[in-house]
Amino acid sequence: MQGFALYPFDPPGDVAALRAELRAWLAVNQPQGDIVARANCWASFDADFSRALGAAGYIGMTLPERYGGGDRHPLERYVVIEELLAAGAPVGAHWIADRQTGPLIQRYGSEEQRECYLPGIAKGELYACIGLSEPGAGSDLAAVRTTARETAEGWRINGQKIWTTGAHFSHIMLALVRTEEGSERNAGLSQLLIDLDTPGITIRPIIDMAGHHDFNEVFFDDVLVPHGALVGMRGQGWQQVTAELGLERSGPERYLSSHALLVALIDAAGAQPEPAVAALIGELAAEMWTLRQLSMSTAAKLAAGEDPMVEASVVKELGNAFEQDMPRRVQAIVTSGWDEPDNLARLLRALLIASPSFSLRGGTREVIRGIIARGLGLR
Amino acid sequence: MSAAREMLCDTARAVFAEAATAGMGPIAEAGFALLLVPEDEGGFGGDWGDVNAVLQIAGAMVPDLPVAELIVSEALQPAATVSLMAGAMGQALALSIEHVNTRQQFGRPLGKFQAVQQSLAVMACEVRAVEAAAAALATRLDAVGLDPAAADFEIAAAKLRANRAVGVVTAIAHQVHGAIGFTREYDLNRVTIPLMRWRGAHGNDAYWALILGRQVAEFGGEGLWEALTAR
């Protein structure tokens, strides 16, 4: 890994106007909702909001117009995403479809798949989940064992996915499955686009330690999907997933998930905070500013058609650390009862409980550091 | 990087290599004092992007020489120090990678051990963060004509972030080097000792955290995001 070159973040068009339009739109259309739902808001499901956002042209922005997209530049989309996250808008329903499934279908999918799925995604009506992890394949993703065998009628799928965020409200799953019999590790894998109402699929909730139902177990019992469910090249699933993960790891959600807590801290501290609180706010602001520069630079590199795998991992690693650190440091300095009803206390409690997942989802800290180490030329 | 800046960097590397033993003489002779002086006044007409590039090389190669003082006014010394720190951290990382890929223990290079890999990944993240902070600060300073008052948020944030990286970077660099890194002869201390010094120079953590925290408090909770995105 050479020295870090900051890629200039330079979206086309009038960025200030884009922000202003979206802020005005949010002022009218963002549900007031609960303050806690504004933190970690990319896990907040609100189908009405997603539909309205799609109708306003803020979903599927980079997809071609002929599929209902906006034909916008990826960095314009980045601006919109960071605004939505900073505002704490409930973007959870369409989040995965917009962030990675749509772009992946656009890049690797067939014409038929694009026509079938992209318009619904862009409208904020078609939701997607990612079928990667399995009981025996977590950090070791190449251990995937769910199989799909090609038959005369189509693909027959057997196996199980787990920790599948949003499977219970999603319409489709983009699954990594083993299509080549006898294949091992990262060879012989393919991506299938599976309609989740296909017979033979069972979805069971897993309740997380915060009491939320975000992730699920998904069972495939002799599930038959058409030949046309294959996305991209047969046997190229590993390479396609790796590209997908680059989209997943570097976005502004890696440092803006806890923004609502920072806002609440600043507001609670007032215009003239005591020195210790001011110092904490200063340190958090410096970290957030730095992370934003790293994330924008990574987005710019991605938009330039380059592979920012290592940079994306740096953003995720530092972003996760920042967001796990913030509630702990706020709790250490602010007097606030565990069960207090005020905003700061409730956000603090919610994020303390949610934050262990930050360095698990989208690749564990240890895996991410391994990717960075490889980028440094070690091992 | 522009061709002009590439050439500037090549010159800096050559001159600083000489200056490492000869002192400030070659640097003064090469005209680095004129880096920020406009071309129509007989200078190089460089911007802060150029200063950042040159000072990162200085931070790696001649951290004990007053190169920043030669090029930059007093008001911009905190910003200059961020660039020096980024350069020194990059050098500490490069030395560490080189060492763990070469030094063998238990029959293999240290870099094969996951514990070492994970440590160096943590260190690399800190170095990248400081490099990004230095680059973003340069972008801001160039956008506001090098007016430190107009880049007050960025100077505070970048110097604070760089300060906070020093502990992790120096600790991991020395840890993975083992005893050889603790000798006077080996090159690592030539960048780690300056890093320790720069953390306290031109504003330590507490100094900048308080300034930045008070500025952000005046923005208010919602105002922080508006201010960040308006700059």
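Shown above is the structure to which this text applies.
Residues numbered from 1 in each chain as written. Chains lettered and ligands numbered in written order. Predicted model: local features only at pLDDT ≥ 70, side-chain atom pairs only at ≥ 80, totals over all residues. Heavy atoms only, no water.

A. Focus on the nonpolar core. Membership of the largest hydrophobic core comes to 152 residues, with the highest contact counts inside it found for Val330 of chain A together with Phe16 of chain B. In terms of residue count, the dominant contributor to this core is helix 6 (residues 114-143) of chain B (16 residues). Once residues lying within four places of it in the same chain are set aside, the contact partners of valine 330 of chain A are Leu261, Leu265, Leu280, Leu284, Leu344 and Leu348 of chain A. In terms of nonpolar packing, the next biggest core, distinct from the first, is built from 18 residues, Ala148, Ala175, Leu192 and Val223 of chain A among them. (Core = buried A, V, L, I, M, F, W, Y, C linked by side-chain atoms within 4.5 Å. Buried < 20%, exposed > 50% of the residue type's maximum accessible area, 1.4 Å probe, protein only. Helix = DSSP H or I, 4+ residues; strand = E, 2+ residues; numbered from the N terminus. Contact = heavy atoms within 4.5 Å.)

B. Structural detail: the pattern of salt bridges. Residues and elements named next belong to chain A. All chains considered together, the criterion is met by 33 salt bridges over all chains. A salt bridge links glutamate 311 to lysine 301; the shortest N-O distance between them is 2.7 Å. Taken as a pair, glutamate 311 in helix 11 (residues 309-333) and lysine 301 in helix 10 (residues 275-303) lie far apart in primary sequence, 10 residues in all. Grouping residues by exposure puts glutamate 311 and lysine 301 together as buried. Overlapping salt bridges, with partners in common, bring together Arg19, Arg23, Glu82, Glu83 and Arg292 in one network. (Salt bridge = Lys/Arg side-chain N within 4 Å of Asp/Glu carboxyl O.)

C. Region of interest: unusual backbone geometry. Residue and element names in this part refer to chain A. The phi dihedral of tryptophan 163 is positive, around 60°, even though this residue is not glycine. Secondary-structure assignment places tryptophan 163 in the loop between strand 3 (155-162) and strand 4 (172-178). A relative accessible area of 45% places tryptophan 163 in the partly exposed class. Of note in the backbone geometry, arginine 185 takes a positive phi value of approximately 50° without being a glycine. Position of arginine 185 among the secondary structure elements: in the loop between strand 4 and strand 5 (189-195). Residue arginine 185 is classed as partly exposed on the basis of its relative accessible area, which comes to 44%.

Treat this as a map of the structure, not an account of what it does.
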